[in-house]
Amino acid sequence: MNWLPPNGALHGAALDHLLGLNLLIVFWLFVAAQVLIVVALFRRGTRSSTAKSGRVLLIIDYAVLLAVIGLYWWMLASSHRLWAAAREQPSTNPAIQVEVTGVQFQWYFRYPGRDSVYGAVKPNLVNAPAGNPLGLDPSDPHAADDVVSSILLLPAGQPVDLTLRSQDVIHGFFVPGMRLKQDAIPGMSGHLSFTPEATGDYVILCSQVCGLGHYRMQARLRVVTPDQFNAWLANRERATLSAHAESSDPNPSTGAAR
Ligand SMILES: [Cu+2]
């Protein structure tokens, strides 16, 4: 299916295949339905001559109906199986945790840092111009090493568990290149898991009309090698920790004269 954007996720090829198969099935069902309508139009008025041929026609009708219902159930079951497989996390390889927050009109990504625990966020502390778009609580020790980024950087080949949040209205987290789409709903935290396979840049969109700036609500997913990812994250964690230490120092030795 070359009309879809290039796929970079583990489950993407199976999903594309199933999508193609389902489109093929509904196309032929549509053609069959049109043919039936035309045949019915031309047969109008010509009654089946015997009761026996009428019964045969009825049996054929029911057989076709049963086949269509069976096909429908197969489509339902196969898509559910794929959905479950894409979201199932292998227990041997712990998933990378990233929190995604939708805000009119931007996406923010938060990594829990060295302690692997997200710090508390408070709505009254949200202050994007002051560098705290998520409202991280500075009094919570878990918040000190939380890395907040406007780009989603991930390593190739490792499962990822995204926690979806929204600060205001319903946003739709949509990554066409990873075959991912799920809503971020205020007051709820949803989960979305996948495994990026191919390195490169992928566009992140918002698929819900969330306000006047909806059209420009975009972000970037960059898939890199595990080494590049670890170096980037360690760097950001260091920067976050030192910035936190500076701001929470009650007797700063520098800057007092200014
Ligand atoms: Cu949005």
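What counts, and where the lines are drawn
- Residues numbered from 1 in each chain as written.
- Predicted model: local features only at pLDDT ≥ 70, side-chain atom pairs only at ≥ 80, totals over all residues.
- Heavy atoms only, no water.
- Donors = N, O, S within 2.8 Å, 3.2 Å for Na, K, Ca; no water.
- Buried < 20%, exposed > 50% of the residue type's maximum accessible area, 1.4 Å probe, protein only.
- Pairing = 2+ DSSP bridges.
- Helix = DSSP H or I, 4+ residues; strand = E, 2+ residues; numbered from the N terminus.
- Axes fitted to C-alpha atoms, helices over the stretch in contact; angles between N-to-C directions.
- Core = buried A, V, L, I, M, F, W, Y, C linked by side-chain atoms within 4.5 Å.
- Phe/Tyr/Trp six-rings, centres within 6.5 Å; stacked < 30°, edge-to-face > 60°.
- Lys NZ or Arg CZ within 6 Å of the ring centre and 35° of its normal.
- Patch = residues over 30% accessible without salt bridge, like charges linked within 9 Å, V, L, I, M, F, W, Y side chains within 5 Å.
- Areas by Shrake-Rupley, 256 points an atom, 1.4 Å probe, with all protein chains shown as cover.
- Salt bridge = Lys/Arg side-chain N within 4 Å of Asp/Glu carboxyl O.

## Digging into the coordination of the copper ion
Line of reasoning, step 1. Bound to the copper ion on the protein side are His171 (ND1), Cys206 (SG), Cys210 (SG) and Met217 (SD), at distances that span 2.1 to 2.5 Å.
Line of reasoning, step 2. Read in sequence order, the donor residues coordinating the copper ion give the pattern H-x34-C-x3-C-x6-M. In this pair, the class of Cys206 matches that of Cys210, namely buried.

## Concerning the sheet that holds strand 4 (residues 151–155)
Line of reasoning, step 1. Reading across from one edge, 4-10-9-6-7 is the order of the 5 strands in this open sheet, with mixed pairing throughout. Unpaired on one side and paired on the other, strand 4 and strand 7 (180–184) mark the two borders of the sheet. Strand-to-strand twist in this sheet, taken as the mean axis angle between neighbours without regard to direction, amounts to 20°.
Line of reasoning, step 2. Sheet topology note: the strand 6 (residues 171–175)/strand 9 (residues 200–206) ladder contains 2 bridges and is antiparallel. Paired with Phe173 across the bridge in strand 9 is Cys206.

## What to know about the nonpolar core
Line of reasoning, step 1. Ranked by size, the top nonpolar core spans 35 residues in total, and within it Trp107 and Phe173 carry the most contacts.
Line of reasoning, step 2. A total of 4 residues in this core trace back to one element, the largest contributor, which is strand 10 (residues 219–224).

## Quick word on the packing of aromatic side chains
Line of reasoning, step 1. Summed over all chains, the structure comprises 5 aromatic pairs.
Line of reasoning, step 2. Here the aromatic rings of Tyr111 and Trp232 are separated by 5.4 Å at their centres, their planes lie at 70°, and the arrangement is edge-to-face. With a gap of 121 residues between them, Tyr111 in strand 2 (residues 106–111) and Trp232 in helix 3 (residues 226–248) connect regions that are remote in the sequence. Trp232 shares its class with Tyr111; the two are buried.
Line of reasoning, step 3. Following the ring pairs from residue to residue traces out a cluster consisting of Tyr111, Phe229 and Trp232.
Line of reasoning, step 4. The ring centre of Phe174 lies 4.5 Å from the NZ or CZ of Lys181, which sits over that ring.

## Some words on a nonpolar patch on the surface
Line of reasoning, step 1. A cluster of nonpolar residues, Leu29, Val56, Leu57, Ile60, Val64, Val68 and Leu71, forms a patch on the protein surface that exposes about 510 Å² of accessible area.
Line of reasoning, step 2. Residue contributions to the nonpolar patch peak at 6 residues, all from helix 2 (residues 51–87).
Line of reasoning, step 3. If you trace the backbone, Leu71 turns up in helix 2.
Line of reasoning, step 4. A residue is classified by how much of its surface remains accessible, and Leu71, at 32% relative accessible area, is partly exposed.

## Re the environment of Leu241
Line of reasoning, step 1. Checked against the element boundaries, Leu241 lands in helix 3.
Line of reasoning, step 2. Leu241 sits in the partly exposed class, given a relative accessible area of 29%.
Line of reasoning, step 3. With 232 residues separating them in the primary sequence, Leu241 and Ala9 have C-alpha atoms 32 Å apart.

## Regarding the pattern of salt bridges
Line of reasoning, step 1. Taken as a whole and judged by the stated rule, the model has 8 salt bridges.
Line of reasoning, step 2. Residue Arg222 pairs with Asp201 through a salt bridge whose shortest N-O separation is 2.9 Å. Of this pair, Arg222 sits in strand 10 while Asp201 sits in strand 9, and the two are 21 residues apart along the sequence.
Line of reasoning, step 3. The exposure class of Arg222 is partly exposed, given its relative accessible area of 33%.
Line of reasoning, step 4. Linked through salt bridges whose partners overlap, the residues forming this network are Glu99, Arg110, Asp146 and Arg165.

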